[in-house]
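# An overview of the molecular structure
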Amino acid sequence: MRMKAAILHEQGRPRPYAQSIALSIEEVDLVPPGPGEVLIEVAAAGLCHSDLSALEGIRPRPLPVIIGHEGAGIVREVGEGVADLKPGDHVITVFAASCGTCRYCVAGRPNICPAGNAARAAGTLRAGTRRLFQDGKPINHGSGLSLFAQFAVIDRRSAVKIDQDIPLDDAAIFGCAVMTGAGAVINSAGLKAGEEIGIVGLGGVGMNALFAAVSAGAGRIVCVDASPEKLALARQWGATDTFLATDPDCADQVRAATSGGLDKVVEAAGVMKAVELAYAMTGLGGCVVCAGLPDGKSRHAYLHADLVSSEREIRGSYMGSCVAERDIPRLLNLYRRGKLPVDRLKSGYLPLEDINAGFDRLADGTVLRQILRPNG
Ligand SMILES: NC(=O)c1ccc[n+]([C@@H]2O[C@H](COP(=O)([O-])OP(=O)(O)OC[C@H]3O[C@@H](n4cnc5c(N)ncnc54)[C@H](O)[C@@H]3O)[C@@H](O)[C@H]2O)c1
Ligand SMILES: [Zn+2]
Ligand SMILES: [Zn+2]
């Protein structure tokens, strides 16, 4: 079938993207789903900072590529062997493709499945297949999803079926920001009721970490961002304390206010300054959970003897350490009960044609989650 999609031909074009046309809206061919794959109509796709990083070129991608990794859609066709999804079903997409059988998948860590990772690097679907073409030449798949398009062919395991009463615009945000932010708190940090948590970086990911921290009964929630507006929102939404990241003594202020630092600190800004700040905000025996994704070369230095003697921890968190089939239904239950109010994060809707202006706004830091509706 023919469809419209936003293609990334070249990384690192200058801002404003609305002028440099970082993403070009073009017609492409999408071939039918193969065995174990499904065709979905993309109902809604969120603009995530990781997509912005792809435009900026801070992590190289195989080009040309159709990106877009946070979304929800409606199944339109299923490939051979797919017995548990049918046309008309609603799904949330999963950006970390997984095989289901390797040692990581069977150990409950499909988010770090090497086969999924290799497919992502190669620009293919999980099985190594390609379904996107233009003039007979392949276009790379982004995260095995390519949601900045009207339709997508994806691996069966890259979709989780949801109930039809969930609005698809809200459902889309669960595909990345909710799993990543809430998962970082619940799964990666394993926050216990009463523990004191910090969150550095209050974008779509960080705000979901805040919602989860409130919901999990954190004793104290210290939010830090470079934007005073984001801090004001965080206070409305349950932060007990807020600090401005741009204050040179921000970490000292946090330590003074919290008797030496926090039990858990989630970093969701994606810059090394924020990682350093998160580490400095952590108290004795505390754990830094890093969800932000800077370029592939950045390093973090720490005093190693201090890490040992204070039993601090630093850990990564990819897709919130989620098992999508397990965690999406759990997170949707919290949403239904008003505990994950993702509708508050929506900063407007966009047609495909306005996607570049949307990324300009995300880069300006003035929005939370903008929702693309590729089919109007
Ligand atoms: N680990 C994962 O699985 C995963 C998934 C999604 C996104 N990400 C990454 O998470 C990060 C956040 O994504 P997002 O979509 O929420 O981004 P966003 O642009 O919506 O939010 C980033 C926030 O960080 C703040 N910030 C910038 N510099 C800061 C600093 N020095 N200290 C404190 N705050 C600072 C900004 O003001 C903004 O509020 C990005 O790096 C993204 O690539 C990771
Ligand atoms: Zn994302
Ligand atoms: Zn696997």
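Our subject is the structure that appears above.
A brief report on the enclosed structure follows. Bear in mind that the values here come from a model prediction, so they are computed numbers and not experimental data.

So, on to the site of ligand 1. Around ligand 1, a shell composed of 29 residues is seen, among which His 49, Ser 50, Asp 225, Met 319 and Arg 369 lie nearest. Asp 225 is positioned with one of its side-chain polar atoms (N or O) 2.6 Å from an oxygen atom of ligand 1. Interatomic distance of 3.0 Å between a backbone N/O atom of Leu 293 and an oxygen atom of ligand 1. Burial of ligand 1 by the surrounding chains reaches 90%, relative to a free accessible area of 870 Å². Secondary-structure elements contributing two or more residues to the shell around ligand 1 are helix H2 (49-56), helix H5 (168-188) and helix H6 (204-215). Classifying every residue of the shell around ligand 1 by side-chain character gives 17 nonpolar, nine polar and three charged. Composition of the shell around ligand 1 by domain shows at least three residues from each of domain 1 (2-176 + 321-372) and domain 2 (190-316).

The next point concerns the pairing of strand S15 (residues 262-267). Extensive coverage of S15 is indicated by the burial of five of its six residues. Pairing of strand S12 (residues 196-200) with S15 involves four bridges; the strand directions are parallel. Its bridge partner lying in S15, Gly 198 is registered against Val 265. Sheet analysis places S15 next to strand S16 (residues 282-290), joined by five bridges and oriented parallel. What sits directly across from Glu 267, in S16, is Cys 290. Remark: the S15/helix H9 (residues 272-280)/S16 crossover connection has right-handed handedness.

Next up on the list: the pairing of strand S18 (residues 346-350). One ladder, built from three bridges, connects S18 with strand S19 (residues 369-372); its direction is parallel. Note on S19: the bridge partner recorded for Lys 346 is Arg 369.

Right, let's talk about the pattern of salt bridges for a bit. By the definition in use, this model includes 23 salt bridges. One salt bridge in this structure joins Arg 2 and Asp 29, with 3.0 Å as the shortest N-O distance. Remark: Asp 29 occurs in strand S2 (residues 23-30) and Arg 2 occurs in strand S1 (residues 2-8); sequence separation between them is 27 residues. The class for Asp 29 is partly exposed, based on a relative accessible area of 24%. When salt bridges with common partners are traced through the structure, they connect Arg 2, Glu 27 and Asp 29 into a single cluster.

Now for the packing of aromatic side chains. Within the structure shown, the criterion is met by five aromatic pairs. A ring pair is formed by Phe 95 and Tyr 318, whose centres lie 5.5 Å apart and whose planes are at 90°; its orientation type is edge-to-face. You can see Phe 95 sitting in the loop between strand S6 (90-93) and helix H3 (103-106) and its partner Tyr 318 sitting in the loop between strand S17 (313-316) and helix H11 (324-336), a full 223 residues away along the chain. Under the relative-accessibility criterion, Phe 95 is labelled buried at 6%.

This next bit is on the environment of Leu 39. Residue placement: Leu 39 occurs in strand S3 (residues 37-46). A C-alpha to C-alpha distance of 5.6 Å links Leu 39 and Arg 76, two positions 37 residues apart in sequence.

Let's shift gears to the nonpolar core. Ranked by internal contacts, the top residues of the largest apolar core, which has 89 residues, are Phe 148, Phe 174, Leu 210, Leu 340 and Phe 359. Among the nonpolar cores identified, the runner-up in size contains 19 residues, and Val 200, Val 222, Cys 250 and Leu 262 belong to it.

Basis of the calculations
- Residues numbered from 1 in each chain as written.
- Chains lettered and ligands numbered in written order.
- Predicted model: local features only at pLDDT ≥ 70, side-chain atom pairs only at ≥ 80, totals over all residues.
- Heavy atoms only, no water.
- Near = heavy atom within 4 Å.
- Polar contact = N/O pair within 3.5 Å; in protein donor to acceptor, adjacent residues only side chain to side chain.
- Areas by Shrake-Rupley, 256 points an atom, 1.4 Å probe, with all protein chains shown as cover.
- Helix = DSSP H or I, 4+ residues; strand = E, 2+ residues; numbered from the N terminus.
- Nonpolar A, V, L, I, M, F, W, Y, C, P; charged D, E, K, R; others polar.
- Domains from an automatic or database assignment.
- Buried < 20%, exposed > 50% of the residue type's maximum accessible area, 1.4 Å probe, protein only.
- Pairing = 2+ DSSP bridges.
- Right-handed = clockwise from strand over helix to strand, strands pointing away.
- Salt bridge = Lys/Arg side-chain N within 4 Å of Asp/Glu carboxyl O.
- Phe/Tyr/Trp six-rings, centres within 6.5 Å; stacked < 30°, edge-to-face > 60°.
- Core = buried A, V, L, I, M, F, W, Y, C linked by side-chain atoms within 4.5 Å.

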